[in-house]
Amino acid sequence: MDPLVAELFGASSGLKSGSQGLCSGSGNGFGMVSKKACSKNGKKVKNRSARNTKPSNNPPYLPPEAEEGNIEYKLKLVNPTQYRFEHLATQMKWRLQEGRGEAVYQIGVEDNGLLVGLSEEDMRASLKTLRRMAEKVGADITVLREREVDYDSDIPRKIAEVLIRKVPDDQQFLDLRVAVLGNVDSGKSTLLGVLTQGELDNGRGRARLNLFRHLHEIQSGRTSSISFEILGFNSKGEVVNYSESRTAEEICESASKMITFIDLAGHHKYLKTTIFGLTSYCPDFAMLVVGANTGIAGTTREHLGLAMALKVPIFIVVSKVDLCPRGTVERTVRQLERILKQPGCNKVPMLVSNEDDAVTAAQQFAQSPSITPIFTLSSVSGESLDLLKVFFNILPPLSNSKEQEELMQQLTEFQVDEIYTVPDVGTVVGGTLYSGICREGERLVVGPTDQGQFLGLKVHSMQRNRSTCRVLRAGQAATLALGNFDRSLLRKGMVMVSPEMNPTICWRFEAEIVLLFHAKTFHKGFQVTVHVGNVRQTATVECLHGKEELRTGEKAVVLFRFIKHPEYLKVGAKLLFREGVTKGIGHVTHLQPASLYQQDS
């Protein structure tokens, strides 16, 4: 946990500087030296050095190919034998599984990362073989980019980067959640409206009308609640949205990859709703929208600090570039770069100005937490909007298939974030399946109630992205119909778990915290609103271990006690608390089960 995000919340406490640096060795397949002996058909890697290559603007090497991950290097694929072809197709299936339905092939690159390149004829033949392999495993290919490399050869040689994506089957599309942050009037809802509806805005907010859920939002033009919008990409990388009068169900059927946008409120008075969206809906990425005409104003710094405190990878979109001259846009970008390079952030800003930048940004962003892509676009003129779509199309998932499998093998745990009553359906709950697999007709228990109990219920039906589904897997968000279950027994912050699970519920818990900002001193008896996942409740500070009081920037282990009802928590869960200008972050270190002190409560 980096206490330096305190600077983004307005604290001025000379904290020591830490560095995150560029993690080139992490992520989807880069930076690991291990080599697949079985998958290369006995081929030896030639140990050429960078000295043999001519000076070039391109790096002579990529990081060595990794055994795991969804990135595969191939020198050439010209007229393989039938046995070799079957072997290559099996290897592609493995890479697609690693990338949860997506893989990237680098053609003309050796296993050690040396950019050798291929002649025009060999490249054509290799791409033809790759297309045959993709057809065999039920996938499509898209050439992301080709570039020339300087190598010991008189003829021009090229390398190609190719995206392989599974054709969707049985609703098993890749789903990434993106939280949309930014100050009020920065253009968040308008941008989402343009992306998901496929029509540019008229400059007066027409594009955002479909996103609003309440009359007062339409009247004021300001988002006050959390809304969800979807943008799909098919197996060929083409955008699938509402532009052709599709329903949400049709988009889900034809999309191989889905981006679910979580539109959060920008106004400071709706801050608790924004924090709830960030902690409860488990977004994979955060998109911070900054108006080019206003720059870094209002809650922008605070939203950036929240995303960093919760360790959500963040990228930035500078909107409304059509409203102001180029000099103003450049000044806003420079202002952002200055903040990102501060010791509290330690980010590496990357301005995206062409399609090649967008491809590089998507891959680097998922591999290194330090890279922060910056887009400059307009929702009215459509300037650079395509670059953002390219970025979303290529953006890989953060978790690999192995982590996903491990989560799915655990017992079922569904976090309740929303509760509705739907005519002819009954009580419906919305939320995220944290672990396990949930099926239609499954019996679960929900709780804890105010008395700390768990009640039995049955899942009658489920919907994902507004279309019916039969099976829900870990990490997916959905709505579950519970039939005639009494709605008054439910509240946000509850969990639905397998009856075999013995959930630990507590009134009191300990957490290691960092006080990001506080006007005076933080001491015993202080009351704060605590956010842990989907739990949001007021808690009293009962004890500060080893200290009498805390000041801005200081750390401590604190004992909290919920004041209204017990909650289901987990050790290690991220915690964020606030009260007025007071803010802090931390993680849960110890739980005191409710049974230990039910009498005194």
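This text follows the structure it describes.
Criteria and thresholds
Residues numbered from 1 in each chain as written. Predicted model: local features only at pLDDT ≥ 70, side-chain atom pairs only at ≥ 80, totals over all residues. Heavy atoms only, no water. Helix = DSSP H or I, 4+ residues; strand = E, 2+ residues; numbered from the N terminus. Buried < 20%, exposed > 50% of the residue type's maximum accessible area, 1.4 Å probe, protein only. Contact = heavy atoms within 4.5 Å. Areas by Shrake-Rupley, 256 points an atom, 1.4 Å probe, with all protein chains shown as cover. 1 Å grid on protein atoms, 1.4 Å probe; cavity = no way out; pocket = protein on both sides within 12 Å on 5 of 7 lines; lining within 4 Å. Points joined across faces, edges and corners; volume = space filled by probe spheres on them. Nonpolar A, V, L, I, M, F, W, Y, C, P; charged D, E, K, R; others polar. Core = buried A, V, L, I, M, F, W, Y, C linked by side-chain atoms within 4.5 Å. Salt bridge = Lys/Arg side-chain N within 4 Å of Asp/Glu carboxyl O.

Caption draft 1: Main features of the overall build of the protein. A tally of helices and strands in the protein yields 11 helices and 31 strands. Burial status across the protein gives 56% buried among its 601 residues. In the protein, the proportion of contacts linking residues at least 24 apart, taken out of those at least 6 apart, comes to 73%. Surface exposure of the protein reaches about 25,700 Å², of which carbon and sulfur atoms provide 48%.

Caption draft 2: Focus on the layout of surface pockets. In this structure, the second largest pocket spans a volume of roughly 730 Å³. Considering the residues around the second largest pocket, the lining is formed by 30 residues, among which F228, Y420, R466, A478 and T479 are closest to the centre. Mapped by element, the contributors of at least two residues to the lining of the second largest pocket are β5 (174-182), β6 (227-233), β13 (413-422), β14 (426-435), β18 (461-464) and β21 (477-481). Sort the elements by how many residues they give to the lining of the second largest pocket and β21 lands first, with five residues.

Caption draft 3: Seen up close, empty space enclosed by the protein. What the rule picks out here adds up to three cavities of 30 Å³ or more. Put simply, the largest cavity is a space of about 90 Å³. Elements represented by at least two residues in the lining of the largest cavity include exactly β2 (102-107) and α9 (355-367). In terms of residues, the lining of the largest cavity owes the most to one element, β2, which gives three residues. Residues that form the lining of the largest cavity fall into these classes: six nonpolar, four polar and one charged. In terms of lining residues, the second largest cavity is bounded by L288, I296, T300, R301, L304, I316, L336, I339 and L340.

Caption draft 4: Spatial organisation of the nonpolar core. Among the nonpolar cores identified, the biggest contains 44 residues, and F261, M287, F315, L388 and F392 are the most heavily contacted of them. Residue contributions to this core peak at seven residues, all from helix α10 (residues 385-394). The next biggest cluster of nonpolar side chains, apart from the first, holds 38 residues, and it includes A179, M308, V333 and C345.

Caption draft 5: Inspection of helix α6 (residues 271-280) at higher detail. Burial analysis of α6 places nine of its 10 residues in the buried class, the great majority of the element. Residues of α6 that are buried include every one of L271, T273, T274, I275, F276, G277, L278, T279 and S280, and no others.

Caption draft 6: Summary view of the pattern of salt bridges. This model, assessed by the stated rule, comprises 20 salt bridges. The partner of E161 in a salt bridge is R145, and the shortest N-O contact between them spans 2.5 Å. In this pair, E161 is assigned in strand β4 (residues 157-166) and R145 in strand β3 (residues 139-149), connecting sequence segments 16 residues apart. When sorted by exposure, E161 lands in the same class as R145, which is buried.

Function cannot be read off these values alone, since they describe shape.
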